[in-house]
Amino acid sequence: MNAPFSLASSTGPKNELIDMRPLALGKTMTLPPAPLPLARPVALRPRPASRARHGHRGLRAAAVSLCMAMATAVALAADTTPARQLERFAAEAGRPGQPEAGRAFFTRTHGGAWSCASCHGEQPTSRGRHASTGKAIDPLAPAANPSAFTDTTQVDKWFRRNCRDVLRRECSAGEKADVLAWLGSLR
Ligand code: HEC
């Protein structure tokens, strides 16, 4: 019954993007109500309603399809996990990350005005607040933010930028491993 969706997802996210749109946009109103190997019966069977109503349903289907396509695109940007990032920095440092060292590193200043906690908070399971712009920052701890540390480019970009702001230099691999070990231990 749900063949187009299970077929599409089993062949990967790219096909899903291509396959869903024609189904949602084109076939919503034209499919006969007969036993269709391809139809999702609840969503696609025509109801005894006016043409205009079906028009709205088509639009809504298009919007839903677009949202799903965008969600898939966001999901594709995620190329890693917090655990793999911790492994990466620990391997580079040649030692495991130490949570307590990470907590101490994160919450103290390093000769300048800011600590990491100045923006991310001392409890990074909660949202932070940018120390100069006041803008809200999503929690840094993976337990409180499923998208934290899921994109290698973002991880590297922000470590570089924030470490320079706080320490006037880049963080070492060991410091990054410690911070990640601490963040990963938070619940
Ligand atoms: C001046 C404010 C500020 C300070 C200080 C700061 N950060 Fe950040 N940090 C941010 C912002 C803003 C983001 C981006 C958040 C987002 O995109 O949701 C961020 C993101 C990050 C990320 C990316 C997380 C991910 O999901 O990829 C890491 C890692 C990070 N910060 C580590 C640190 C560390 C370590 C320190 C201390 C050395 C620190 N930050 C200090 C503002 C700050």
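So, a few notes on the structure that sits alongside this text.

Scoring rules and cut-offs
- Residues numbered from 1 in each chain as written.
- Predicted model: local features only at pLDDT ≥ 70, side-chain atom pairs only at ≥ 80, totals over all residues.
- Axes fitted to C-alpha atoms, helices over the stretch in contact; angles between N-to-C directions.
- Helix = DSSP H or I, 4+ residues; strand = E, 2+ residues; numbered from the N terminus.
- Parallel < 35°, antiparallel > 145°, perpendicular 65-115°, else oblique.
- Contact = placed C-beta atoms within 7 Å.
- Nonpolar A, V, L, I, M, F, W, Y, C, P; charged D, E, K, R; others polar.
- Buried ≥ 20, exposed ≤ 12 C-beta atoms within 10 Å, placed from the backbone.
- Near = placed C-beta within 6 Å.
- Expected span 1.5 Å × (residues − 1).
- Core = buried A, V, L, I, M, F, W, Y, C linked by C-beta atoms within 7 Å.

## Thoughts on the packing of helix H6 (residues 99-107) against helix H9 (residues 173-185)
Between two packed helices, both the angle of their axes relative to each other and the distance between the axes serve to describe the pair.
In step 1: Between H6 and H9, whose axes approach to 7 Å, the crossing angle comes to 100 degrees. Between H6 and H9, the interaxial angle falls into the category roughly perpendicular. Counted together, Pro99, Ala101, Gly102, Arg103, Phe105 and Phe106 of H6 and Glu175, Asp178, Val179, Ala181, Trp182 and Ser185 of H9 form the full contact between these two elements.
In step 2: For the contact of H6 with H9, a count of residues per class yields seven nonpolar, two polar and three charged.

## Quick look at the environment of Gly174
In step 1: Relative to the helices and strands, Gly174 is located in helix H9.
In step 2: Among the residues examined, Gly174 registers 20 C-beta atoms within 10 Å and is labelled buried.
In step 3: Along the primary structure Gly174 and Ala90 are separated by 84 residues, whereas in three dimensions their C-alpha atoms are 6.5 Å apart.
In step 4: Not counting residues up to four positions away in its chain, the partners in contact with Gly174 are Ala93 and Arg95.

## A closer look at the site of the ligand
In step 1: Around the ligand, the surrounding shell holds 21 residues, and the nearest of these are Cys116, Cys119, Trp158, Asn162 and Val166.
In step 2: Mapped by element, the contributors of at least two residues to the shell around the ligand are helix H7 (117-120) and helix H8 (152-167).
In step 3: Across the shell around the ligand, the residue classes tally to 14 nonpolar, five polar and two charged.

## Digging into the environment of Gln98
In step 1: Relative to the assigned elements, Gln98 resides in the loop between helix H5 (82-93) and H6.
In step 2: On the basis of neighbour count, Gln98 is assigned to the partly exposed category, with 16 C-beta atoms found within 10 Å.
In step 3: When the C-alpha positions of Gln98 and Val179 are compared, they lie 7.8 Å apart, and in sequence the two are 81 residues distant.

## Brief notes about unusual backbone geometry
In step 1: Positive phi, close to 55 degrees, is recorded for Phe149, a residue that is not glycine.
In step 2: With respect to the element layout, Phe149 can be found in the loop between strand S2 (136-137) and H8.
In step 3: Positive phi, normally seen in glycine, also occurs at Arg168, with a value near 65 degrees.
In step 4: With 10 C-beta atoms counted inside 10 Å, the residue Arg168 sits in the exposed group.

## Thoughts on the environment of Gly184
In step 1: Positionally, Gly184 belongs in helix H9.
In step 2: We classify Gly184 as buried; it has 20 C-beta atoms within 10 Å.
In step 3: Linking Gly184 and Pro99, residues 85 residues apart in sequence, is a C-alpha distance of 8.3 Å.
In step 4: The contact partners of Gly184, leaving out residues within four places of it in the chain, are Pro82, Leu86 and Pro142.

## Considerations on H8
Each turn of an α-helix holds 3.6 residues, which means side chains three or four residues apart point in the same direction.
In step 1: For H8, which comprises 16 residues, the first-to-last C-alpha distance of 22 Å matches the rise-based estimate of 22 Å (1.5 Å per residue) to within 8%.
In step 2: Downstream of H8 by a residue or two, Arg168 has a phi angle that is positive, lying close to 65 degrees.

## Examining the nonpolar core
In step 1: Formed by 17 residues in total, the largest nonpolar core has its most connected members in Leu86, Ala177, Val179, Leu180 and Leu183.
In step 2: Counting residues per element, the ones that place at least two in this core are H5, H6 and H9.
In step 3: With six residues, the single largest contributor to this core is H9.
In step 4: Beyond its immediate stretch of four places on either side in the chain, Val179 contacts Gly102, Phe105 and Phe106.

Read these as layout, nothing more, since geometry by itself doesn't imply function.
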